[in-house]
Amino acid sequence: MLPKLDAIIENFEILDDPYDRYEYVIELGKLMPKMPEERKTEDKRVFGCESQVWIDTSLANAESAPVLTLSGDSDSHIVKGFVALMVALYQGKTPAEAMKADGFDLLKRLDFGAHITSKRSNGVRAMVDRIHQDAARLSAGA
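What counts, and where the lines are drawn
- Residues numbered from 1 in each chain as written.
- Predicted model: local features only at pLDDT ≥ 70, side-chain atom pairs only at ≥ 80, totals over all residues.
- Heavy atoms only, no water.
- UniProt positions renumbered as here; feature names shortened; annotations may be inferred.
- Core = buried A, V, L, I, M, F, W, Y, C linked by side-chain atoms within 4.5 Å.
- Buried < 20%, exposed > 50% of the residue type's maximum accessible area, 1.4 Å probe, protein only.
- Helix = DSSP H or I, 4+ residues; strand = E, 2+ residues; numbered from the N terminus.
- Contact = heavy atoms within 4.5 Å.
- Phe/Tyr/Trp six-rings, centres within 6.5 Å; stacked < 30°, edge-to-face > 60°.
- Patch = residues over 30% accessible without salt bridge, like charges linked within 9 Å, V, L, I, M, F, W, Y side chains within 5 Å.
- Areas by Shrake-Rupley, 256 points an atom, 1.4 Å probe, with all protein chains shown as cover.
- Salt bridge = Lys/Arg side-chain N within 4 Å of Asp/Glu carboxyl O.
- Lys, Arg positive; Asp, Glu negative; His and termini not counted.
- Charge placed at Lys NZ, Arg CZ, Asp CG, Glu CD.
- Axes fitted to C-alpha atoms, helices over the stretch in contact; angles between N-to-C directions.
- Parallel < 35°, antiparallel > 145°, perpendicular 65-115°, else oblique.
- Nonpolar A, V, L, I, M, F, W, Y, C, P; charged D, E, K, R; others polar.
- Pairing = 2+ DSSP bridges.

An unreviewed UniProt entry lists the protein chain under the name SufE family protein, with Methylorubrum populi as the source organism. As recorded by UniProt, the Sequence similarities (unreviewed entry) comment attached to the protein chain reads in full: "Belongs to the SufE family."

The following block contains the structure:
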């Protein structure tokens, strides 16, 4: 089971070595449930990523307002870890909160800014953009 975002951030704070950070990201990806093959459809695919990435965003009823539920997968271990970070960031937020959150800023906060390739950076931006679009679509339909 994927830890809460606060726990993930705390764990990153004790990891100084960039290699250890990447290992932890890979571990986060392994903690995510595997997305069933039948859900890996073109409408859930994130374009702009070098690897294959799928993100499924839906609404769940909560006490005060509907919140996002996300699942995701990738054919790359490291990218699946970045998907896990995005799931941890956006899971349980209202669509309005999700549209204000920036997953790329999360990577900077976790000190990946200087250690992430431009292709991976573009992929994370594509994931964030996709989640924001999904949140806006779900908000309009809610």
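If you look at the biggest cluster of nonpolar residues, it comprises 42 residues, and the most contacted ones within it are Phe 12, Phe 82, Leu 85, Met 86, Tyr 90 and Met 127. The set of elements that each furnish at least two residues to this core consists of α1 (5–13), α2 (18–31), β1 (53–60), β2 (67–74), α3 (77–90), α5 (103–109) and α6 (118–141). Among the elements that take part in this core, α3 stands out by supplying eleven residues, more than any other. In this view, Tyr 90 contacts Leu 68, Leu 70, Ala 98, Ala 101, Asp 102, Gly 103, Val 128, Ile 131 and His 132; residues no more than four positions away in its chain are not counted.

Turning next to the packing of aromatic side chains. In this structure the tally under the stated criterion is one aromatic pair. With centroids separated by 5.1 Å and ring planes inclined at 70°, the aromatic side chains of Phe 12 and Tyr 24 adopt a geometry described as edge-to-face. Of this pair, Phe 12 sits in helix α1 while Tyr 24 is found in helix α2, placing the two residues twelve residues apart along the sequence. For Phe 12, a relative accessible area of 1% gives the class buried.

What follows deals with a negative patch on the surface. A cluster of acidic residues, Asp 16, Asp 17, Asp 20, Glu 23 and Glu 27, forms a negative patch on the protein surface. Residue placement: Asp 17 occurs in the loop between α1 and α2.

For the pair α2 and α3, the least separation of the axes is 7 Å and the interaxial angle reads 75°. Between α2 and α3, the angle is such that the two are roughly perpendicular. Of the residues in α3, those touching α2 at Tyr 22, Val 25, Ile 26, Leu 28 and Gly 29 are His 77, Ile 78, Lys 80, Gly 81, Phe 82, Ala 84 and Leu 85. Looking at side-chain class alone, the contact of α2 with α3 contains eight nonpolar, three polar and one charged residues.

So, on to the pairing of β2. In terms of burial, β2 is a largely internal element, six of the eight residues being buried. Pairing analysis gives eight bridges linking β1 to β2, with the strands arranged antiparallel. The partner of Trp 54 across the bridge, within β2, is Asp 73. From the end of β1 to the start of β2, which pair antiparallel, there are six residues.

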